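# Examining the three-dimensional arrangement
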Amino acid sequence: MIRSVMVMNTQGKPRLAKFYDFQTVEKQQELIRSVFGVLCSRAENVSNFLDAASIFGPDSSLVYKHYATLYFVLVFDSSENELAMLDLIQVFVETLDKCFKNVCELDIVFNYSKIHTILDEMIFGGQVLETSSTELVKAVEEISRLESASNSITLVPKSVSGWRNR
Amino acid sequence: MALSGMRGLSVFISDIRNCPNKEQERLRVDKELGNVRTRFKNEKGLSPYEKKKYVWKMLYIYMLGYDVDFGHMEAVSLISAPKYPEKQVGYIVTACLLNENHDFLRLAINTVRNDIIGRNETFQCLALTMVGNIGGRDFAESLAPDVQKLLISSSARPLVRKKAALCLLRLYRKNPDVVNVDGWADRMAQLLDERDLGVLTSSMSLLVALVSNNHEAYWSCLPKCVKTLERLARNQDVPQEYTYYGIPSPWLQVKTMRALQYFPTIEDPNTRRSLFEVLQRILMGTDVVKNVNKNNASHAVLFEALALVMHLDAEKEMMSQCVALLGKFIAVREPNIRYLGLENMSRMLLVTDVQDIIKRHQAQIITSLKDPDISIRRRALDLLYGMCDVTNAKDIVEEILQYLSTAEFAMREELSLKAAILAEKFAPDLSWYVDVILQLIDKAGDFVSDDIWFRVVQFVTNNEDLQPYAAAKAREYLDKPAIHETMVKVSAYLIGEFGHLLARRPGCSPKELFSIIHEKLPTVSSSTIPILLSTYAKLLMHTQPPEPELQNLVWAIFNKYESCIDAEIQQRAVEYFALSRKGAALMDILAEMPKFPERQSSLIKKAEDIEVDTAEQSAIKLRALQQTSNALVVTDQRPANGTPPVLGRVMVPSMSSNVDHHVADQGLSQENGTLTTVDPQPPSADLLVDLLGPLAIEGPPSADVQPQQNIVSGVEGVPNAVEATAIVPVGEQTNSVQPIGSVAERFQALCVKDSGVLYEDPYIQIGIKAEWRAHQGRLVLFLGNKNTNPLLSVQAIILPPSHLKLELSLVPETIPPRAQVQCPLEIVNLRPSRDVAVLDFSYKFGNDMVNCKLRLPAVLSKFLQPIPVSAEEFFPQWRSLSGPPLKLQEVVRGVKPMPLLDMANLFNSLRLMVSPGLDPNPNNLVASTTFYSESTRAMLCLARIETDPADRTQLRLTVASGDPTLTFELKEFIKEQLVSIPTASRAPAPAPPAPQPTSPPAAALTDDPGALLAGLL
């Protein structure tokens, strides 16, 4: 079972955090901080695996992948295959890329709700739901069609990311 | 991308991003929360869009780490909104903010249920997602049946069904008692026929959960899993969108192989063959390629295949192929593959027979201990720890020690604990063990727990040979300029206890020892000072005749600490000061510490506790558990004060009290052996014996004998043990090593099963595993040394009765510490006889010579093969064997009363197959079997028991076979079993001499050494 999905930037700011076992908000922050503490000290060109037992308790593993300014992290137990989890991160990022065309950190920051939707189509209650990025994009498009059908809210243009870049 | 956004949300996020510091951020968040709160109060004025916007803001704030303790109701109420966008946000936020026990969830159950059973698929999906993410008990109770229906519904789209499968899985995992899955096996089997790979992936996950709980019910799914795997591995009918970097859905392949690992075995040969074909293809067809993603995916499949091969106990050839692959992986450049290679090699250690192949990669594994990646170093350490045994302990521990000095702090504690455990478990000699621990303390003192140095002190105290060496080593370390406090503790303790053994070595006079230790005192904490004070007191005591100068120095220190604020230090100072003025009486009180009772190392215990795995137990883990349960564990069998110390008296093993009786009783002893121990010194374990021991040896009144001895021993460097043995006349103090558990009962148990423990005492455990085929047998003796000292002069002699041909392979003279030696024994049965073979086993532990004679469970019944017979076969045969000597009858009295059913079970366990209903009289039993020996070949034997329901203590026994000796022996054998049902300790009422049997047992006594011994016992 997947216990948690986290996306955080290289400064340790959480961009997405999902826990499939309920955690209090304090505990969530603590976990995010500890994971970042370990991640930031990792060199390039090392493995994508980390010992997570000290952070998440026994029977937990962690894989992560570093893309530009973001870390994508999956925490899971021994019933999952480590490399398959790593592949899942890749699928997630490829799907984001298809949805946002050259996805960058700001896309994720400003499209918080959409990231949630995509993740929910991919991981369901801690289990892998869909692994095909084509299918994922289809599902997400259907949802956005439903959303726009019932209200006519203006789209946030992609330029918003440049629009208030600090 | 056409996902709609919310301008208000974006603006808020931008504001947060523009906050220069955390304070500003908090202000902004508080402002927003206040805003949201007021808007929610006046709910009427909110448009659905606004609601949605505010709820998303709350979720964002929540992620930033601020508690959002309001708006829950609003979130939940959005669920019942009629339109998609509000409903959607209601579901998503509820899933994120509320835990499964939240009261509001109950309010929503009805709405959720309506969405699930409704016609709107998008609503179904939303509801399933929320239920699956939360998975509460209330949900399980009221929604599971609907979710189940949805999963198998033929009209629902794949998009809905795959969510239903996972939703059910989540509800089942969290509340297995609530979700009813009885009869789901057939449905699961149907679900596995699914063509859509999305639904199939989810169904496979569900299957894994169900099978891990109860594989029995799901056998019908096994062939389907293999089919699915074949379909994927051969890339048949796999749509493009499920092909990931050229590999047909690696996730589904992995999940399928995971599911297969929950079945203990695969019985159907065809299924097994096709599975192995697929696995072989995966193992051989995977190469390391340039594209990282493709590499990861193909290796995910490969590693899962490896795990499955290990689980299935493949042929040795395939296993070595796997190890070879892993060996290749741990040397590749790709760090992920290296990591997993090491991890899987550790798992491989659980498979028997491949350890030696793994050892070939030791050098490469040691290189991985220097990998730049800590994750890889950790795996390498785990693997080295797992593969360590007596043969490579020295190399591995030295590597770990070397690595310790450069390792990062995060790993040092683990490293030092592991090094200490390995050194203790596999030390080829004890001085090496002391070296390792002292080096460990020297290099990583901060990370060496107290357990580790306590243990080394225990070892040294319990092994006289080691004491001068340890003291000398401690002295060397004290010369180093800056030593760790733990090193001060150990050295001070060792010098205090054994420093006198170094006398006359340069720099080792009591005064020199004192001053070098005292130098450290200003640098240590108050927990170490008490140890130093004891050391001073001991040094004083050992300095005979007293040196006034040293005395004055030490007394001054005691004086100084008499007013110390630390109670422990103060008490010691006061007491030692008073004691040290008592002169000779000091001897008795401050004499050497007694030996420690042998007990399981707390370190090893700790390690075992850590190793307890919380993961779901797959078969491979279960097997590992079984293996460890066979392993030897030193238990504290001797309570410290349990057995009263009886000095100078022979302790007779309790069981031989009924020796006479057994000699009288038909020549076959009920006991499996006695122990004779030649033991010049009491075994080290008993505290009281130890305390009394030295006094007895040294003559209690005149304490001044001891200093002389000490001087002598110091001069010659002879350890105390030697003197002690010289002083005590051998044989005057005899003690016996007591077996653990009843030897006789163990033998009885082994008569009806093929593996188990034959004998155990505090030092050794002898296990047995036997295989019997017709008139031949192969019996393996497992001699396990339970201690950290070697067992010496090991001797095993078989005293075979005349009817058995026995060949014991070579038994090594020494059994290394904690090692297990296997000695196969080939047995051929020449002719029928119920005599037993005896194993004369002896060894030396320390000064104890232990000898025991053990009956081997190569009894008559082992050469029987149960065979069913029908009435048509039985009666003609029974009639054709008419009367003696081929058919013998006897009335047996003094039978242990038991119900007929128990008797039938007893017969079956003796490999005499009872044929129920064959005898028309329900009080009778009829049994049949085939006996194998070289002289008789296979021979049918028939037996009949006629019981008297009025008197269960007597019965009439009739045995028939084609061989007169066989008939007689078998009859006697059965009789013995009936009158002495396994509880041998309660001596059975001796059967009155039956009229028929003459006295062949007596004859056997004279010409058969085995029987002779058994008779004597």
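Here is what the cut-offs are and how they apply
- Residues numbered from 1 in each chain as written.
- Chains lettered and ligands numbered in written order.
- Predicted model: local features only at pLDDT ≥ 70, side-chain atom pairs only at ≥ 80, totals over all residues.
- Heavy atoms only, no water.
- Helix = DSSP H or I, 4+ residues; strand = E, 2+ residues; numbered from the N terminus.
- Buried < 20%, exposed > 50% of the residue type's maximum accessible area, 1.4 Å probe, protein only.
- Contact = heavy atoms within 4.5 Å.
- Areas by Shrake-Rupley, 256 points an atom, 1.4 Å probe, with all protein chains shown as cover.
- Buried area = accessible area lost by both parts, 1.4 Å probe.
- Salt bridge = Lys/Arg side-chain N within 4 Å of Asp/Glu carboxyl O.
- Polar contact = N/O pair within 3.5 Å; in protein donor to acceptor, adjacent residues only side chain to side chain.
- Pairing = 2+ DSSP bridges.
- Axes fitted to C-alpha atoms, helices over the stretch in contact; angles between N-to-C directions.
- pLDDT = per-residue confidence, 0-100.
- Expected span 1.5 Å × (residues − 1).
- Phe/Tyr/Trp six-rings, centres within 6.5 Å; stacked < 30°, edge-to-face > 60°.

## A short note on the overall build of chain A
If you tally the helices and strands in chain A, you get seven helices and seven strands. In chain A, the order of α-helices and β-strands from amino to carboxyl end is β-β-α-β-α-β-β-α-α-α-β-β-α-α. A burial count over chain A gives 66% of its 166 residues as buried. A separation threshold of at least 6 residues defines the contact pool for chain A, and within that pool the share at least 24 residues apart is 51%. Total accessible area on chain A stands at roughly 6000 Å², and carbon and sulfur atoms take up 52% of it.

## With respect to the overall build of chain B
A tally of helices and strands in chain B yields 43 helices and 17 strands. The burial tally for chain B puts 57% of its 1017 residues in the buried class. For chain B, long-range pairs separated by at least 24 residues make up 69% of all intrachain contacts whose partners lie at least 6 apart in sequence. Counting every atom, chain B has about 42600 Å² of accessible surface; 54% of that belongs to carbon and sulfur.

## Details of the side chain of Ser375 of chain B
Looking at where Ser375 of chain B falls in the secondary structure, it is placed in helix H20 (residues 374–387). Classification of Ser375 of chain B by relative accessible area gives buried; the value is 4%. Apart from residues no more than four positions distant in its own chain, Ser375 of chain B is found in contact with Arg42, Ser47, Phe49 and Leu50 of chain A together with Tyr339 of chain B.

## Topic: the environment of Ser416 of chain B
Residue and element names in this part refer to chain B. Within the element layout of this structure, Ser416 appears in helix H22 (residues 409–426). Here Ser416 falls in the buried class, since its relative accessible area comes to 0%. Placed 15 residues apart in sequence, Ser416 and Leu401 show a C-alpha to C-alpha distance of 7.9 Å.

## With respect to the interface of chain B and chain A
Listed by partner, the interface residues are 85 residues for chain B and 77 residues for chain A. A combined buried area of about 7400 Å² lies between chain B and chain A, and 56% of that area is made up of carbon and sulfur atoms. Between chain B and chain A we count seven salt bridges in total. Joining chain B to chain A, the criterion identifies 24 residue pairs in polar contact (both at pLDDT 80 or more).

## Observations concerning the sheet that holds strand S5 (residues 70–76) of chain A
Backbone hydrogen bonds hold the strands of a sheet together, and the pairing may be parallel or antiparallel. Residue and element names in this part refer to chain A. As summarised here, the arrangement of the five strands in space is S2-S1-S5-S4-S3, forming an open sheet in which the pairing is antiparallel. The open sheet is flanked by strand S2 (14–19) and strand S3 (49–51), the only strands paired with a single partner. Ignoring strand direction, the axes of neighbouring strands in this sheet form an average angle of 20°. Where strand S4 (residues 61–67) and S5 come together, seven bridges link them in antiparallel fashion. Bridge assignment links Tyr67 to a residue of S5, and that residue is Leu70. Here helix H1 (residues 25–39) sits on the sheet and contacts strand S1 (2–9), S2, S3, S4 and S5; the angle it forms with S1, its principal contact strand, is near 65°.

## Considering the confidence of the model for chain A
All names here are of chain A. Averaged over all residues, the pLDDT of chain A is 85; the fraction at 70 or higher stands at 90%. The element-level mean pLDDT for chain A is lowest in helix H7 (residues 160–163), coming to 41, with S5 highest at 95. Within the model, pLDDT remains below 50 along residues 152–166, and this stretch shows 26 contacts once partners closer than five positions in the same chain are excluded.

## A look at the sheet that holds strand S5 (residues 764–773) of chain B
All names here are of chain B. The five strands are arranged S4-S5-S6-S9-S8 in an open sheet whose pairing can be described as antiparallel. Lying at the two open borders of the sheet, with one neighbouring strand each, are strand S4 (755–760) and strand S8 (804–808). This sheet shows a mean twist of 25° between the axes of neighbouring strands, independent of strand direction. Two elements, strand S6 (residues 776–785) and strand S9 (residues 820–829), share nine bridges in a ladder whose sense is antiparallel. Looking across to S9, one finds that Gly784 is bridged to Gln820. Strands in contact with helix H38 (residues 743–752) are S4 and S5; relative to S4, the strand with the most contacts, it is inclined by about 160°.

## Details of helix H41 (residues 964–979) of chain B
Residues and elements named next belong to chain B. When the terminal C-alpha atoms of H41 are compared, their 23 Å separation across 16 residues agrees well with the 22 Å that a helix rising 1.5 Å per residue should span. By the criterion of burial, H41 is predominantly enclosed, with 14 of the 16 residues buried. Where H41 starts, the residue carrying a side-chain oxygen 3.0 Å from the main-chain nitrogen of Thr965 turns out to be Asp963.

## Some points on the confidence of the model for chain B
Residue and element names in this part refer to chain B. Averaged over all residues, the pLDDT of chain B equals 78, while 82% of them reach at least 70. The lowest-confidence element of chain B is helix H35 (residues 687–698), averaging 32 in pLDDT; the highest-confidence one is helix H13 (residues 250–260), averaging 94. Per-residue pLDDT stays below 50 along residues 611–735; that stretch engages in 208 contacts with residues further than four places along the chain or on separate chains. Confidence drops under pLDDT 50 across residues 982–1017; counting only partners more than four residues distant or on other chains, this segment forms 56 contacts. As scored by the predictor, the complex reaches a pTM of 0.62 and an ipTM of 0.88.

## Side note on the pattern of salt bridges
For the coordinates displayed, the defined rule picks out 62 salt bridges over all chains. For Arg106 of chain B, the salt bridge identified is with Asp103 of chain B, shortest N-O distance 3.9 Å. Taken together, the positions of Arg106 of chain B and Asp103 of chain B, both in helix H6 (residues 103–117) and three residues apart, correspond to about one turn of that helix. Judged by its relative accessible area of 51%, Asp103 of chain B is exposed. Linked by salt bridges that have partners in common, Asp51 of chain A together with Arg378, Arg379, Asp382, Glu414 and Lys418 of chain B make up one network.

## Notes on the packing of aromatic side chains
Residue and element names in this part refer to chain A. Going through the model one piece at a time under the given rule, you end up with 21 aromatic pairs over all chains. Note on Tyr64 and Tyr71: the rings are 6.3 Å apart at their centroids and 70° apart in plane angle, and the pair reads as edge-to-face. Since its relative accessible area comes to 5%, Tyr64 is described here as buried. When its relative accessible area of 6% is taken as the criterion, Tyr71 is described as buried.

## Focus on the pairing of strand S17 (residues 951–961) of chain B
All names here are of chain B. By the bridge criterion, six bridges tie strand S13 (residues 887–892) to S17 in an arrangement that is antiparallel. Each bridged residue has a counterpart across the sheet, and for Lys887 the counterpart in S17 is Ala960. With eight bridges joining them, strand S16 (residues 937–948) and S17 adopt antiparallel strand pairing. Bridge pairing in S17 links Ile945 to Leu957. If you look at the hairpin formed by S16 and S17, you'll find two residues sitting between the two strands.

## Here's the deal with unusual backbone geometry
Comment: phi is negative for the bulk of residues other than glycine, and the bulk of peptide bonds are trans. Along the chain, Pro884 of chain B connects to Pro885 of chain B via a cis peptide bond; the corresponding omega equals 0°. Looking at where Pro885 of chain B falls in the secondary structure, it is placed in the loop between helix H39 (871–880) and S13. The backbone of Ala68 of chain A shows a phi angle near 45°, a positive value even though the residue is not glycine. Positionally, Ala68 of chain A belongs in the loop between S4 and S5. According to the relative accessible area criterion, Ala68 of chain A is exposed, its value standing at 71%. Phi at Ala774 of chain B takes a positive value of approximately 50°, unusual for a residue other than glycine. Relative to the elements of secondary structure, Ala774 of chain B occurs in the loop between S5 and S6. With relative accessibility at 25%, the residue Ala774 of chain B sits in the partly exposed group.

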